[in-house]
Amino acid sequence: TQLLEQSPQFLSIQEGENLTVYCNSSSVFSSLQWYRQEPGEGPVLLVTVVTGGEVKKLKRLTFQFGDARKDSSLHITAAQPGDTGLYLCAGGPNDHGSSNTGKLIFGQGTTLQVKP
Amino acid sequence: ETGVTQSPTHLIKTRGQQVTLRCSSQSGHNTVSWYQQALGQGPQFIFQYYREEENGRGNFPPRFSGLQFPNYSSELNVNALELDDSALYLCASGDRESTGELFFGEGSRLTVL
């Protein structure tokens, strides 16, 4: 069974601080996605990484896929209160074609609170 | 906004009842997946439909069933509701030829009493 473990589970920081969220597994994934979810809403896709070692930047957010495609990290620079939310990583199983099956394996999430 | 709509947004049922949740996929997408998200947890994959057939199923009992219609809308049916079925049910649509990105609706919050 493929599992994704996120750490930390909860993070409360002051505006302007930097933070990193980790997503780790012992399994290889064909792709990895990061979502952000606000209370009462569905997850919203932030980024997809597919190549080992890939780094993508989205404004103050930097995403990295591990070389072995087993782990990923999300780094936020100068966090703002608007960054508050639940951050979820999700992996596509490394079966032939299964990255397109819609079967994503989610981590348990990291709840981020950024205080003004 | 993802273009994926779900209904109802909230509902309350009692143990043993049956429930049907509905989803309208984003235009141009050909797959629909359903996820269950318990409070404080990440979503858990229930099943996915492609071309009106089930195409992958997670670790959920047979009382969880679904349908996909020719217009790519979908239903999730749950029979014999149990208290532990209380959760946010998320529908997600995607394109099978893409890199597996999913676009989620806002979910249906089910409470079983």
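Remember, predicted model here, so these are calculated numbers, not experimental data.

What counts, and where the lines are drawn
Residues numbered from 1 in each chain as written. Chains lettered and ligands numbered in written order. Predicted model: local features only at pLDDT ≥ 70, side-chain atom pairs only at ≥ 80, totals over all residues. Heavy atoms only, no water. Helix = DSSP H or I, 4+ residues; strand = E, 2+ residues; numbered from the N terminus. Rg over C-alpha atoms; globule rule 2.2 N^0.38 Å. Contact = heavy atoms within 4.5 Å. Areas by Shrake-Rupley, 256 points an atom, 1.4 Å probe, with all protein chains shown as cover. Lys, Arg positive; Asp, Glu negative; His and termini not counted. Charge placed at Lys NZ, Arg CZ, Asp CG, Glu CD. Polar contact = N/O pair within 3.5 Å; in protein donor to acceptor, adjacent residues only side chain to side chain. Pairing = 2+ DSSP bridges. Axes fitted to C-alpha atoms, helices over the stretch in contact; angles between N-to-C directions. Core = buried A, V, L, I, M, F, W, Y, C linked by side-chain atoms within 4.5 Å. Buried < 20%, exposed > 50% of the residue type's maximum accessible area, 1.4 Å probe, protein only. Buried area = accessible area lost by both parts, 1.4 Å probe. Salt bridge = Lys/Arg side-chain N within 4 Å of Asp/Glu carboxyl O. Disulfide = S-S within 2.5 Å.

**Quick word on the overall build of chain B**
The helix and strand tally for chain B stands at zero helices and eleven strands. Each helix and strand of chain B, placed in order from N terminus to C terminus, yields the pattern β-β-β-β-β-β-β-β-β-β-β. Its C-alpha radius of gyration of 13 Å places chain B within 12% of the 13 Å reference for a compact globule of 113 residues. Within chain B, counting contacts between residues at least 6 apart in sequence, those at least 24 apart form 52% of the total. Within the structure as shown, chain B displays about 5500 Å² of accessible surface, and the carbon and sulfur contribution to it stands at 47%. Positive and negative side-chain charges in chain B, numbering 8 and 12 respectively, have mean positions lying 8 Å apart.

**With respect to the side chain of Thr20 of chain B**
Residues and elements named next belong to chain B. Here Thr20 shows up in strand E3 (residues 19-24). Polar side-chain contacts of Thr20 include one of 2.6 Å to the side chain of Asn77. Beyond its immediate sequence surroundings of up to four residues, Thr20 is in contact with Pro8, Glu75, Leu76 and Asn77.

**Focus on the sheet that holds strand E1 (residues 5-7) of chain A**
Residues and elements named next belong to chain A. Taken in spatial order, the five strands of this open sheet run E1-E3-E8-E7-E6, and their pairing is antiparallel. Only two strands of the sheet have a single partner each, and these edge strands are E1 and strand E6 (55-58). In this sheet, adjacent strand axes meet at a mean angle of 15° when their direction is disregarded. Sheet topology places strand E7 (residues 61-65) next to strand E8 (residues 71-76); five bridges connect them, and they run antiparallel.

**Some details on the nonpolar core**
Leu19, Leu32, Trp34, Leu74, Ile76 and Leu112 of chain A are the most contacted members of the largest nonpolar core, which totals 21 residues. When residues of this core are traced back to their parent elements, those giving at least two are strand E3 (19-24), strand E4 (29-37), strand E5 (44-49), E7, E8, strand E9 (85-93) and strand E11 (110-115) of chain A. Formed by 20 residues, the second largest nonpolar core is a distinct cluster that contains Val19, Tyr49, Leu81 and Ala87 of chain B.

**Here we look at the interface of chain A and chain B**
Contacts between the two partners involve 22 residues from chain A and, on the opposite side, 22 residues from chain B. Of the roughly 1700 Å² buried where chain A meets chain B, counting both sides, 53% is carbon and sulfur surface. For the pair chain A and chain B, the interface holds zero salt bridges. Our enumeration of links across chain A and chain B arrives at three residue pairs in polar contact (both at pLDDT 80 or more). Looking at the side of chain A that touches chain B, the elements that each hand over two or more residues are E4, E5 and E9 of chain A.

**As for the state of the cysteines**
Throughout this description, disulfide means a covalent bond between two cysteine sulfur atoms. Residue and element names in this part refer to chain B. The full count for this structure, using the stated rule, is two disulfides over all chains. Each sulfur in the disulfide pair Cys23 and Cys91 lies 1.8 Å from the other. Looking along the S-S bond of the Cys23-Cys91 disulfide, the torsion reads about -65°, which is the left-handed sense. Taken as a pair, Cys23 in strand E3 and Cys91 in strand E9 (residues 87-94) lie far apart in primary sequence, 68 residues in all.

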